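Listed below are the residues making up each chain.
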Amino acid sequence: MAHEDPKLSTNVEMYLETIYALTEEGGSAKTTEIASSWEVSPASATEMVQKLDKMGLVDYKPYHGARLSDDGLAAARGIIRKHRLLERFLHEVVGLEDETRIHDVACEMEHTLAPEVEAWIAKELGYPREGLNGKPIPPAEYYPNGEGSE
Ligand SMILES: [Zn+2]
């Protein structure tokens, strides 16, 4: 369904993306894992996760870690979809080769990518279902103004 909350900050989106990646195959994301994928202190990761919990985007239990709520998952899927589409685009269309560079550029662009441009990229790439790393690209129904069924 369309996610009609006001636009989330880049920082919030980055945390949701990180938690999504850490819990993609099940389980919870520990704040220590979140902290190390971000190179921030466990204390700041915990503080941010508590903030996301208050915003209703994650369920956080001390010592168990964080899981995305339904709203958090919907938002995270939209970001991950953009990230993985952009990585393919940067490699296959733009011709970037360096994996770290591709990841970093995708991570910057994903927060400002207009839905029309995202839809164009998806079409241009032939509606891929997997990212460069072989992980699934969530379908478009998870974010507003998507191109619908693929
Ligand atoms: Zn990203």
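Refer to the preceding data block for the structure.
Everything numeric here is computed off the predicted structure, so don't read it as measured data.

Undergrad: What is the right way to look at the pairing of strand β2 (residues 65-68) in this model?
TA: A regular strand places its side chains on the two faces of the sheet in alternate fashion. Note that strand β1 (residues 58-61) and β2 share four bridges and pair antiparallel. Along β2, the bridge assignment pairs Tyr-60 with Ala-66.

Undergrad: Help me out: how do you make sense of the coordination of the zinc ion in this one?
TA: Tetrahedral coordination by four donors sets the ideal angle at the metal to 109.5 degrees; octahedral coordination by six donors sets it to 90 or 180 degrees. Looking at the metal site, the zinc ion is ligated by Glu-17 (OE), His-83 (ND1), Cys-107 (SG), Glu-110 (OE) and Glu-110 (OE), spaced 1.9 to 2.6 Å from it. All donors of the zinc ion belong to a single chain; written as a sequence motif, their spacing is E-x65-H-x23-C-x2-E. Of this pair, His-83 sits in helix α4 (residues 70-94) while Glu-110 is found in the loop between α5 (99-109) and α6 (115-124), placing the two residues 27 residues apart along the sequence. The pair His-83 / Glu-110 is uniform in exposure class, with both members buried.

Undergrad: Help me out: how do you make sense of the pattern of salt bridges in this one?
TA: A side chain with one charge may pair with a side chain of the opposite charge, provided their charged atoms come close. A full pass over the atoms with the stated rule returns three salt bridges. Salt-bridge contacts for Glu-92 lead to Arg-88; the nearest nitrogen and oxygen are separated by 3.0 Å. Note that Glu-92 and Arg-88 are positioned in helix α4 at a spacing of four residues, about one turn of the helix.

Here is what the cut-offs are and how they apply
Residues numbered from 1 in each chain as written. Predicted model: local features only at pLDDT ≥ 70, side-chain atom pairs only at ≥ 80, totals over all residues. Heavy atoms only, no water. Pairing = 2+ DSSP bridges. Helix = DSSP H or I, 4+ residues; strand = E, 2+ residues; numbered from the N terminus. Donors = N, O, S within 2.8 Å, 3.2 Å for Na, K, Ca; no water. Buried < 20%, exposed > 50% of the residue type's maximum accessible area, 1.4 Å probe, protein only. Salt bridge = Lys/Arg side-chain N within 4 Å of Asp/Glu carboxyl O.

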